[in-house]
Amino acid sequence: MSAAAENSAMIRLHFETIEHMNSSTITAIIQIVQEARARGITLEIVFDATKNWQKLSFEALAVFVKDDGLLRLVGERVS
Amino acid sequence: MSDREFGFEIDVPVRNEWENVALLVTSVQNCFNAMFSDVEGSQTVAMVTGELLENAIKYGIWTGTDQHLRLRVRGRSKKAFVTVENPAGPAEVADLRRTLQWMDGHENAEAAFRARLLAIAQTADPDVSKLGIVRVAYQGRAVIKAEFVEPVLRVTAEVEL
């Protein structure tokens, strides 16, 4: 996170290949979203939208999307 | 013979160790996959199983000699019931019921889930979370019931597949 802030880089988190995730993971992701926004870092979360559980989990994070463009939710199809 | 003619039931005592959650989640998912070839359904039942087991370990009262909880997963191809029993006290039960009532105050489970995400973002208090049970209702499309016959709390999620 610090390196991204210093280099004006974005962070991309990939979850497409994950088969399971518990609610504590979601809580941790929220903390990352909060910290990235506080530091002005663009965060991109990539998930597999063809997996229903991923779609439901990650699309709900849209509650944190703002006009600042610092959070992007990207649902990709993984074959 | 079609899937609809099959029922299934898993009923096991489980030691209250965190590593058992992953073992059972995988077991339930594999069992469900083998019976119905329903990947989405198996993931849903596995997720519900995992969240209820984690809650039982996290919020159960484990000061007695018995360090086991009970997992029961049963149903058919279109509906599953996931039940977890663990020792609990009135305070833990009241806490769970407050969360269930809080969910009922929302338009639907999705609205409750999103509200919970926002609440988590606004506090550093880990006890505010209770996201697991809300996730069961939302992603599991589950109706959740809690019964308490002291000292056992039984939580059942009725999951539409």
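Residues numbered from 1 in each chain as written. Chains lettered and ligands numbered in written order. Predicted model: local features only at pLDDT ≥ 70, side-chain atom pairs only at ≥ 80, totals over all residues.

**Brief notes about the overall build of chain A**
Check the secondary structure of chain A and you find three helices and three strands. Secondary structure elements in chain A, listed N-terminal to C-terminal, are α-β-α-β-α-β. Here chain A has a C-alpha radius of gyration of 12 Å; the compact-globule value for 79 residues is 12 Å, and the two agree. Across its three principal directions, the C-alpha atoms of chain A cover 35 × 25 × 25 Å. (Helix = DSSP H or I, 4+ residues; strand = E, 2+ residues; numbered from the N terminus. Rg over C-alpha atoms; globule rule 2.2 N^0.38 Å.)

**What about the pairing of strand 1 (residues 11-14) of chain A?**
All names here are of chain A. Note that strand 1 and strand 2 (residues 43-48) share four bridges and pair parallel. Each residue of the ladder has a partner; that of arginine 12, found in strand 2, is glutamate 44. Crossover handedness for the path strand 1 to helix 2 (residues 23-38) to strand 2: right-handed. (Pairing = 2+ DSSP bridges. Right-handed = clockwise from strand over helix to strand, strands pointing away.)

**Examining the sheet that holds strand 1 of chain A**
Residues and elements named next belong to chain A. Strand order in the open sheet formed by three strands is 1-2-3, and the pairing between neighbours is parallel. At either end of the open sheet lies a strand with only one pairing partner, and these are strand 1 and strand 3 (71-76). Strand after strand, the sheet turns through a mean of 20° between neighbouring axes, direction not considered. This element, helix 2, spans strand 1, strand 2 and strand 3 of the sheet and lies at about 150° to strand 2. (Axes fitted to C-alpha atoms, helices over the stretch in contact; angles between N-to-C directions. Contact = placed C-beta atoms within 7 Å.)

**Digging into helix 5 (residues 131-139) of chain B**
For helix 5 of chain B, a buried count of nine out of nine residues is recorded, marking the element as mostly surrounded by other parts of the structure. Directly after helix 5 of chain B, the chain includes arginine 141 of chain B, whose backbone phi takes a positive value near 45°. (Buried ≥ 20, exposed ≤ 12 C-beta atoms within 10 Å, placed from the backbone.)

**Thoughts on the nonpolar core**
All names here are of chain B. With 50 residues, the main nonpolar core has Val45, Val48, Leu52 and Ala137 as its most contacted residues. In terms of residues, this core owes the most to one element, helix 2 (residues 39-59), which gives eight residues. If sequence neighbours within four positions are ignored, leucine 52 has contacts with Val82, Val84, Val136, Val155 and Ala157. (Core = buried A, V, L, I, M, F, W, Y, C linked by C-beta atoms within 7 Å.)

**Brief notes about the sheet that holds strand 4 (residues 142-149) of chain B**
Residues and elements named next belong to chain B. With respect to topology, five strands assemble into an open sheet ordered 1-2-3-5-4, the strand pairing being antiparallel. A strand with exactly one partner marks an edge of an open sheet, and here the two such strands are strand 1 (8-15) and strand 4. Averaged over all adjacent pairs, the angle separating strand axes in this sheet is 15°, with direction ignored. Relative to strand 5 (residues 152-160), strand 4 is paired through eight bridges, and the arrangement is antiparallel. Following the sheet pairing, phenylalanine 148 is matched in strand 5 by leucine 153. Sheet strands in contact with helix 5 are strand 4 and strand 5, and its direction is about 135° off that of strand 4.

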